[in-house]
Amino acid sequence: RLAAGGWLLVDDAAQADVAVINTCGFVAQAKKDSIDALLEASDLKGQGRTQKVVAVGCLAERYGEQLAAELPEADAVLGFDSYADMSSHLTSILDGNRPASHVPSDRRRLLPLSPATRQATAGSVALPGHGGPAVLPGSVRASGALESAVLQSRAPESVTIEGPVPASCPRVIRARLDGRPWAPLKIASGCDRRCAFCAIPMFRGAFVSRRPSDILAEARWLGERDVKELFLVSENSTSYGKDLGDLRLLETMLPELAAVDGIERVRVSYLQPAEIRMDLLDVMASTPGVVPYFDISFQHASEPLLRRMRRFGSAQAFLELIDQVRARAPLAGIRSNVIVGFPGETEEDLAELESFLTAARLDVVGVFGYSDEDGTEAETYEGKLESHVIAERLAHFTMLVEELNIQRTEERLGERVEVLVEGIDQDTDELTGRAAHQGPDVDGATILRLPPEVQAPAVGELIAARVVGTLGIDLIAEPA
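Computed from a predicted structure; not experimentally measured.

Right, let's get into the confidence of the model for the protein chain. The predicted model of the protein chain has a mean per-residue pLDDT of 89, with 91% of residues at 70 or higher. Under a pLDDT of 50 for its full length, residues 133-169 has, in the predicted model, 95 contacts with residues more than four places off or in other chains.

Written as structure tokens, this is what we have:
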């Protein structure tokens, strides 16, 4: 949208007129990182071309006026409703105007309570990543990005607009910002679950699926632009299709995505254990091109504590689910996240969690220490633990899962893997990529060691290899 409005993305913040910081409002550390990025961008003002800093994203949506009051370094705080006309907002801000800061509200109230009636009104609500009703002259191609900040500079003569899109085809409102051989592809947004510790539904809104035709159109667009792996993202992928009248839509759509020209891999993220269907496991495990990768949100293993969290399951139920996955795909990658230090957590709860993690043999586990989130049910709970107790539990379980994850990695010695080449490690000059069980950025990598006589493959190639060593949770592999 910004490129179509005459803006050019630049790599160097010092060459930008305005820095637009896409913030995160999920947990305390993510909020701190977002504030640090805003302050870092603000320090550039007056040193080069950068004149203004604008906060967008979930932290801006969640706190709006409060964030603006506490962070005067930001020249504007814009919520999701501003995205469709972002170009006009930035132009006005550069002209010296300060728009009214976003006023937060519970976005769950913007759509009907019944999922079946949401699609009829979803077009009237800002749903970041869904495309929306904006009409563009064509699909936009731009280049350059920073991971923590998207930087814009006015240079209309430099913007490239691709050829017109037929009126009958969905328009892809997206730009490729880097040369990675994988790309996230949003399939839904929002969440209808009411986990006691989580504020996401309040600022992301009710669950809304993107229509399969839009997802497939974007997949084809990405396949035409050298993307080899699609990473399907949402707050809850197992709910996909419920507001479209068919909870099996994900199972139906996965083979179609895997068949898109240019696409070699499809990866699904964020599965809720209480909603996982055996049919979905069957499709994920047996469809060529869909990698056997299961990102399952367990959060804990103690049944009493899970109920207090407003979640379902138990250590036994979760182990049985893992058995179901491995019965279908013995070499599947399984990752999860857990929270320690939740109000009322006992030593018995911790022992149950430790026993579960030891038995589960998960590939990767993220461990988070509990922190109160504004507006959540858990914020009102009694039985809060002292911060030093939470820190001790966090440290213990972090060390535990590091050791368990390393052990799981070592179990893969001798396995045949297919590695998607992603680049060259600048420190070692070794080729790096990811095997099927390794998700982007956070699940470790595979280091490819090639014999001198073998020509190095290009980024985006899939290489058959055998695991010959490990380095922490990373694999070392040689071409098979």
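On we go from here.
All right, on to the packing of aromatic side chains then. Across all of its chains, the model carries eight aromatic pairs by this definition. Plain terms: the ring middles of Phe 298 and Phe 356 are 5.4 Å apart, the flat faces sit at 80° to each other, and that makes the pair edge-to-face. Taken together, the positions of Phe 298 in the loop between β13 (293-295) and α10 (303-308) and Phe 356 in helix α12 (residues 347-360) put the pair 58 residues apart, joining distant regions of the chain. What makes Phe 356 buried here is its relative accessible area of 1%. Each residue in the set Phe 197, Phe 342, Tyr 370 and Tyr 381 is aromatic and connected to the rest through ring pairs, giving one cluster.

So, on to the nonpolar core. In this structure, Leu 230, Leu 232, Leu 254, Leu 257 and Leu 357 are the most contacted members of the largest nonpolar core, which totals 69 residues. If we ignore the near neighbours within four places in the chain, the residues touching Leu 232 are Leu 185, Ile 187, Ser 237, Leu 250, Leu 254, Leu 257, Val 266, Arg 267, Val 268 and Ser 269. Counting 18 residues, the second largest nonpolar core, distinct from the first, contains Leu 2, Val 18, Leu 90 and Ile 93.

Running from N to C, helix α11 (residues 315-328) and α12 cross one another at 10°; their axes reach a closest spacing of 10 Å. Considering their axes alone, α11 and α12 lie roughly parallel with respect to each other. On the side of α11, the interface is formed by Ala 315, Phe 318, Leu 319, Ile 322 and Arg 326, while α12 contributes Glu 352, Phe 356, Ala 359 and Ala 360.

This next bit is on the environment of Met 86. The topology assignment puts Met 86 in helix α4 (residues 86-94). Taking the C-alpha atoms as reference points, Met 86 and Gly 5, 81 residues apart in sequence, are found 8.9 Å from one another.

With that settled, consider the pairing of strand β11 (residues 229-233). For β11, the tally of buried residues reaches four of five residues, placing the bulk of the element in the interior. Pairing of strand β8 (residues 182-186) with β11 involves five bridges; the strand directions are parallel. When the sheet's bridge partners are listed, Trp 182 is paired in β11 with Glu 229.

Here we take up the pattern of salt bridges. Per the counting criterion, the structure on display carries 37 salt bridges. Across the salt bridge formed by Arg 248 and Asp 279, the nearest N and O atoms sit 2.9 Å from each other. Taken together, the residues span a long stretch of sequence, with Arg 248 in the loop between β11 and α8 (249-258) and Asp 279 in helix α9 (residues 278-286) at a distance of 31 residues. What makes Arg 248 partly exposed here is its relative accessible area of 40%.

Two elements in contact, helix α7 (residues 212-223) and α8, have axes whose closest approach is 11 Å; the angle formed by their N-to-C orientations is 25°. Looking at the two axes, α7 sits roughly parallel to α8. α7 and α8 meet at a crossing whose hand is right-handed. Side by side, α7 and α8 meet where Pro 212, Ile 215, Leu 216 and Ala 219 of the first sit next to Leu 249, Met 253, Glu 256 and Leu 257 of the second. When grouped by side-chain class, the residues that make up the contact of α7 with α8 number seven nonpolar, no polar and one charged.

All right, on to the side chain of Glu 345 then. Considering the arrangement of structural elements, one finds Glu 345 in the loop between β14 (333-340) and α12. Setting aside residues up to four positions removed in sequence, Glu 345 forms contacts with His 300, Leu 305, Ile 339, Val 340, Leu 350, Leu 385 and Arg 393.

Conventions and cut-offs
- Residues numbered from 1 in each chain as written.
- Predicted model: local features only at pLDDT ≥ 70, side-chain atom pairs only at ≥ 80, totals over all residues.
- Heavy atoms only, no water.
- pLDDT = per-residue confidence, 0-100.
- Contact = heavy atoms within 4.5 Å.
- Phe/Tyr/Trp six-rings, centres within 6.5 Å; stacked < 30°, edge-to-face > 60°.
- Helix = DSSP H or I, 4+ residues; strand = E, 2+ residues; numbered from the N terminus.
- Buried < 20%, exposed > 50% of the residue type's maximum accessible area, 1.4 Å probe, protein only.
- Core = buried A, V, L, I, M, F, W, Y, C linked by side-chain atoms within 4.5 Å.
- Axes fitted to C-alpha atoms, helices over the stretch in contact; angles between N-to-C directions.
- Parallel < 35°, antiparallel > 145°, perpendicular 65-115°, else oblique.
- Pairing = 2+ DSSP bridges.
- Salt bridge = Lys/Arg side-chain N within 4 Å of Asp/Glu carboxyl O.
- Left-handed = near helix turned anticlockwise from the far one by under 90°.
- Nonpolar A, V, L, I, M, F, W, Y, C, P; charged D, E, K, R; others polar.

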